[in-house]
Amino acid sequence: MEPMAGVALQNQLLLLAMLPFAAALLVAALPQRMSALVAGLSMALALVLLAALAPAVIDGAVLRVELDWVPSAGLGLPLRLDGFSWLFATLVSGIGLLVVTYARGYMAGKDGLARFFALLLGFTGAMQGILLSGNILMLVVFWELTSLFSFLLIGFWHKGAAARDGARTALLVTATGGLCLLLGMLVIGQIAGSYDLDEVLTSGARITGHPLYSLALTLVLIGAFTKSAQFPFHFWLPGAMSAPTPVSAFLHSATMVKAGVFLLIRFSPALGGTEAWFLAVTGIGMATMLIGGLIAIFRNDLKGLLAYSTISQLGLITALAGIGSPGAILAAIFHIVNHAMFKAALFMTAGTVDHQTGTRDIRRLGGLRRTMPLTATLAIIASAAMAGVPLLNGFLSKEMFLAESAAWHNGTALDAALPYLAVVGSVFSVAYSIRLVMAVFFGAPAGPLLKMPSEPGLAMTLPVALLAAGCLAVGLVPMLIVGTLVNDAALSVVGLGFMPEKIAIWHGFNEALMLSIIAFVVGIALWLSLRAQLPSGPEGPPLLHHLRAQTVFDRGMLKLGWVYPRRMMSWIATERLQPQLRLLVVAAVLAAGAAAWGAFAFAEVRRGNDFSGGFALMWLVGAGCAIGAAAQAKYHRFAALVMLGGAGLVTCLTFAWLSAPDLAVTQLLVEVVTTVLLLLGLRWLPQRREAIKGDNSAQARRRRAQDLVIATVGGAGVATVAYAMMTRPLVRNVGDWFLANAYYEGGGTNVVNVILVDFRAFDTFGEIAVLAVVALTIYALLRRFRPAPESIKQPDQQRQTNGRMLDDYLLVPSVIMIWMFPVLMMIAAYFFFRGHDLPGGGFAAGVTMAIAFLLQYLATNVRWVEARLTVLPIRWIGMGLLIAVGTGMGSWVFGYPFLTAYAQYVTLPLIGDVPAATALVFDLGVFALVMGATVLMLIAIAHQSLRAARLREHDENEESR
Amino acid sequence: MELILSFAIGVLTASGIWLLLRPRSFQVIIGLCLLSYAVNLFIFSMGRLTLGAPAIMPKGGFIDPTRYADPLPQALVLTAIVISFATTALFLVVMIAARGFTGTDHVDGKERELP
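Throughout, a residue's number is its position along its own chain's written sequence, starting from 1. Lettering for chains starts from A, numbering for ligands starts from 1, and both go in the order in which the items are written. In keeping with the predicted nature of the model, local features appear solely for residues at pLDDT of at least 70, side-chain atom pairs appear and are counted solely at 80 or more, and the whole-chain, interface and lining totals rest on all residues. Side-chain descriptors were evaluated using all non-hydrogen atoms of the structure, hydrogens and water having been removed beforehand.

Quick reminder of the rule: UniProt positions are given in the numbering used here, feature names are shortened, and annotations may be inferred rather than shown by experiment.
An unreviewed UniProt entry annotates chain B as Multisubunit potassium/proton antiporter, PhaC subunit of Paracoccus tibetensis. Word for word, the UniProt comment on chain B under Subcellular location (unreviewed entry) is "Cell membrane". In its Sequence similarities (unreviewed entry) section, UniProt records this for chain B: "Belongs to the CPA3 antiporters (TC 2.A.63) subunit C family."

## Re the overall build of chain B
The condition is simple: Strands here mean DSSP runs of E at least two residues long; helices mean DSSP runs of H or I at least four residues long; both are numbered from the N terminus. This radius of gyration counts C-alpha atoms alone. The globule rule is 2.2 Å times how many residues there are, raised to the power 0.38. Only protein chains enter the calculation, and the probe is 1.4 Å; a residue is then buried if its accessible area is under 20% of its type maximum, exposed if over 50%, and partly exposed in between.
Counting its secondary structure elements, chain B contains three helices and zero strands. For chain B, the succession of helices and strands along the chain, N to C, is α-α-α. The C-alpha radius of gyration of chain B comes to 20 Å, more than 25% above the 13 Å expected for a compact globule of 115 residues. In terms of its C-alpha atoms, chain B occupies a principal-axis envelope of roughly 70 × 30 × 15 Å. Taken across its 115 residues, chain B has 67% of its residues classed as buried.

## Some thoughts on the overall build of chain A
Counted only if it meets this: By definition, residues are in contact when any of their heavy atoms lie within 4.5 Å. The Shrake-Rupley method, run with a 1.4 Å probe, gives the accessible areas here. Residue values count only the displayed protein chains as cover. Positive charge is attributed to Lys and Arg, negative charge to Asp and Glu, and no charge count is given to His or to the chain ends. To locate a charge, take atom NZ for lysine, CZ for arginine, CG for aspartate or CD for glutamate.
Along its length, chain A carries 39 helices and six strands. Each principal axis of the C-alpha distribution contributes one length, and for chain A these read about 110 × 80 × 70 Å. Going through the 961 residues of chain A one by one, you find that 52% of them count as buried. Considering only residue pairs separated by 6 or more positions, chain A has 79% of its internal contacts joining residues 24 or more positions apart. Carbon and sulfur atoms form 68% of the exposed surface of chain A, whose accessible area is close to 42300 Å². Taken as two groups, the 62 positive and 50 negative side-chain charges of chain A have centres that lie 11 Å from each other.

## Quick notes on the environment of A:Ala56
Residues and elements named next belong to chain A. Within the fold, Ala56 resides in the loop between helix 2 (35-53) and strand 1 (63-65). The buried category is assigned to Ala56, whose relative accessible area is 8%. C-alpha separation for the pair Ala56 and Asp82, spaced 26 residues apart in sequence, amounts to 8.3 Å. Apart from residues lying up to four places away in sequence, Ala56 is in contact with Leu9 and Ala61.

## As for the packing of aromatic side chains
Residue and element names in this part refer to chain A. So the rule is basically this: Two aromatic rings from Phe, Tyr or Trp, using only the six-membered ring of Trp, form a pair when their centres are within 6.5 Å; if the ring planes differ by under 30 degrees the pair is stacked, by over 60 it is edge-to-face, and anything between is tilted.
As enumerated under the stated definition, the model contains 20 aromatic pairs over all chains in all. Ring centres of Phe602 and Tyr723 lie 5.8 Å apart, and the angle between their planes is 65 degrees; on these two criteria the pair is classed as edge-to-face. Of this pair, Phe602 sits in the loop between helix 24 (577-596) and helix 25 (613-632) while Tyr723 sits in helix 28 (residues 698-726); the two residues are 121 residues apart in sequence, bridging distant segments of the chain. Judged by relative accessible area, which is 34%, Phe602 ranks as partly exposed.

## Observations concerning the UniProt feature "domain: NADH:quinone oxidoreductase/Mrp antiporter transmembrane" (unreviewed entry) in chain A
According to UniProt, the positions carrying the feature "domain: NADH:quinone oxidoreductase/Mrp antiporter transmembrane" (unreviewed entry) are residues 133-413 of chain A. Here residues 133-413 of chain A runs as 77% helix and 0% strand, with 37 Å between its end C-alpha atoms.

## Details of the interface of chain B and chain A
Rules: Buried surface area refers to the total accessible area, computed with a probe of radius 1.4 Å, that the two partners give up upon joining, counted for both partners together. Put simply, a salt bridge is a Lys or Arg side-chain nitrogen that is within 4 Å of an Asp or Glu carboxyl oxygen. Gly falls in the polar group here, along with every residue not listed as nonpolar (Ala, Val, Leu, Ile, Met, Phe, Trp, Tyr, Cys, Pro) or charged (Asp, Glu, Lys, Arg).
Each partner contributes to the interface: chain B provides 87 residues, whereas chain A provides 115 residues. Summing both partners gives a buried area of about 9300 Å² for chain B against chain A, and 76% of it is carried by carbon and sulfur. Together, B:Leu21, B:Arg48 and B:Phe85 form the three largest contributors to the area buried by chain B at its contact with chain A, with a combined 8%. For the pair chain B and chain A, the interface holds three salt bridges. Across the pair A:Arg576 and B:Asp108 runs a salt bridge, and its minimum N-O distance is 3.7 Å. Of all elements in the fold, only helix 1 (2-20), helix 2 (25-45) and helix 3 (71-102) of chain B reach the threshold of two or more residues within the side of chain B that touches chain A. Considering only residue class, the side of chain B that touches chain A consists of 59 nonpolar, 17 polar and eleven charged.

## Observations concerning the packing of helix 3 (residues 83-106) of chain A against helix 20 (residues 458-476) of chain A
Residue and element names in this part refer to chain A. We count it as follows: Orientation is described by lines fitted to C-alpha atoms, with helices fitted over the stretch in contact, and by angles between N-to-C directions that extend from 0 to 180 degrees. For classification purposes, angles smaller than 35 degrees are called roughly parallel, those larger than 145 roughly antiparallel, those between 65 and 115 roughly perpendicular, and all remaining angles oblique. Each crossing is labelled by how the near helix is turned from the far one, with a counterclockwise turn of less than a right angle marking it left-handed and a clockwise turn marking it right-handed.
Their axes nearest at 7 Å, the elements helix 3 and helix 20 cross at an angle of 150 degrees. Our classification of the angle between helix 3 and helix 20 gives roughly antiparallel. Relative to helix 20, helix 3 is oriented so that their crossing is left-handed. Listed contacts from helix 20 to Ile95, Leu98, Thr101, Tyr102, Gly105 and Tyr106 of helix 3 are Ala459, Met460, Pro463, Leu466 and Leu467. Looking at side-chain class alone, the contact of helix 3 with helix 20 contains nine nonpolar, two polar and no charged residues.

## Details of the UniProt feature "transmembrane region" (unreviewed entry) in chain B
The UniProt record marks residues 26-51 and 72-98 of chain B with the feature "transmembrane region" (unreviewed entry), using the residue numbering of this structure. Annotated as 100% helix and 0% strand, the span residues 72-98 of chain B places its first and last C-alpha atoms 38 Å apart.

Right, here's the structure in full:
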């Protein structure tokens, strides 16, 4: 191959892998009405790319792309495409395109379309990732990603409990399987000496001969069986039927559940060929086929029936993978394709019936062929394919399956029993297929329906029609349509020695045909004998329906997730906060003591500054405030709050005294908002008029004495360490570098600000993100807030005064406060612009601006302010984050790492030289976010009094009625 | 100076710890505020105490780092001040929400059972 052409193909493969994820992001960003279009286009583009890639993977050729990820650690992200993954990827994108078309009709007018299509695309990307991974660990990552996306898709209508439960069960089962798979892959990687898929696939002999083989096999099989809903992990699949039907049609025909059988077939050269493999995989597969098929006959829910039939058909494919002969692999791949086609069609039909009649209950349906003739015809074709009727695709692969089961493989008991089991399984599939068609489309209408049934629109009919036509075409001329593709796929799995096989309708009157005929006759007889009692009976085979795997699972989860942890808690833990905190503090003190033990020493020559009487006096007041706050916080909250403010102000003065003006400014501003915040909170706490019961008991006193000791020891310890540290000589540290380089590198003379917005801007970025998260959390918490009943009443102070007085209350100060608004804005701007060179900066400016808004709320009342001022704090937060991120990413454009700043002074008219570093733009983001977050928190709390007033009015109305 | 400031840190810490171990949520919130002062001062003091040093540097020229206060602890404390405000606010909201839901301001959401 020409190197240039090779590069082009590799780029196409890369594009193919990234396309669904990119489309998902696009869908999430675009308006809802474009969602289906973008999703469909991306699926179609994927098909075009695959068509272009097809020549590169014929005759067992493999196309690889190596992407460096962490080259120093030897980690790469290789992508790999061969005939098998090509066929599978085509199936995924093809069915995906049809599902998107169908969903456009099915989901029309429903909420959250963009979310739906974005998730669907994300899922497609994850599925394709499994297929294209060239590294077995990367494969597991995508594997888990499909579990996560399927969780979100199954629980798409998360308002319904069934959807939530189904999604959770599916996630728990498949993700646990994924973890087992990860472990299994690690073992395989260790044995094979490489995590590269190609290397692993060629070291089959080494793996199967290794002592750890059975461990690896068990783990990988658990992964595959959970994903493919094999017994005993099958129960998540029926639960997943609460998903929107297009999701079911996609997940349970071509993708999610097929990932498991993909894995089995893919790894059969590496892990297969042993008796353990045959017994485990074929055994479980046959068991699943029988159990699933049996239960499917008895299900009354249309989708439930299809779910169990899917389990059964997956069992068939698994059994074939277990047999592992070239013919069996060919049959398995062929059946994967066929099953995807007829099952997608059937799920879509079930969705159509549900959509057009309002029910999926087979017992309430009947005779729909009169009102929905087209849908009925298509459903009959697809069901016949599922049953294995000749001239349809299902017949061909089932025939191959029966032929494989009848052939001799290894002479075990299971091998001998295979033909009988296969026939019984086929009998069941004939019976449930007939029941599905007869009960829904034939007979008399069963009763009044919610809607008058009628044919759906083109978007919902066309995909089903195409799939049914596909079933028919493959069934009639198999070699023409899929013959070479399937053979190529099998070749790339089996490798050298694979002889392409001609897929034909007529092989003569052989064993397989006889088994097929037996299955049909017995299947029809079975249905005839059961048809009368099915609608009234229980939803499961006799005796077995009492034993539900779902119930067992639920009970286990309850024990594991609730009962046992509770019991553990009661043994080793306490729910009370005080003992926990006490333990924490004591542990911290002990740990610090242990660390300092023996190593603690004061410096020989202590450095220090001269004693200052003023400073001492100041801290005498500060310490008094702190102790006073500690003493009064229980019964005199307001006094405690005032004293807390006193301690804060002394702290602020200390910063100013000790050459840290930036800290002093910020501390002062934050002090203001903290105090206001706590004042707002005071209103919602219970009144304390008399002593709390038991407050003077001996026990309480003893506890207080004990805590006093802990506190004193802790305080004394911290003081000693602080003193020892402060009197040590200063060693040269990174701070000197900041001092020396702040101006040359950061373009500012205020080192503290330069550190924050330039040298350590990434830390600041993380910090403002935290601030935003906290503000949003507070907002969310308070939306559900209900005050205690006694706090709803009007405060005493308001009740004792009449309305007129309230209006004039603090009139002069409030007018002044309103006038302060522009002044404070000015101060905020001043702080902001001088930040880089003089004390100030985005933090200080943001808090100042928040205070400006706050004053307006304090001066009048919430309603007055909000009638005149629209603040939109959440937008400010978002803008702030965007500006900060945007500035950071701006440096990428110039080829520098994230958040590299550029400094320059710009002369503005009237203002003069202004430091115009890009750091200033970053600081603007900090400003907007800090302001938005602070205002959001304070307003959210302040609004609670409005809510209380509303509750009060509501109560009064109730009483007067 | 150093002695006074370490004494101050000690008192703030002790008051904070004592309040942290108290049963009423308001006491705990005040305790956390006092503790945050103490911790901020402690971190700040790690850069040693510098009196009367210029806060702002000249534009260019040789810089003698010993003539300035250590900027690094200051930058750390500046962010710490803002973050401690945020956590105080969060705690306050949790406190009043818990008070609304449980009807008590005890930290455990229920009054201690008396013997």
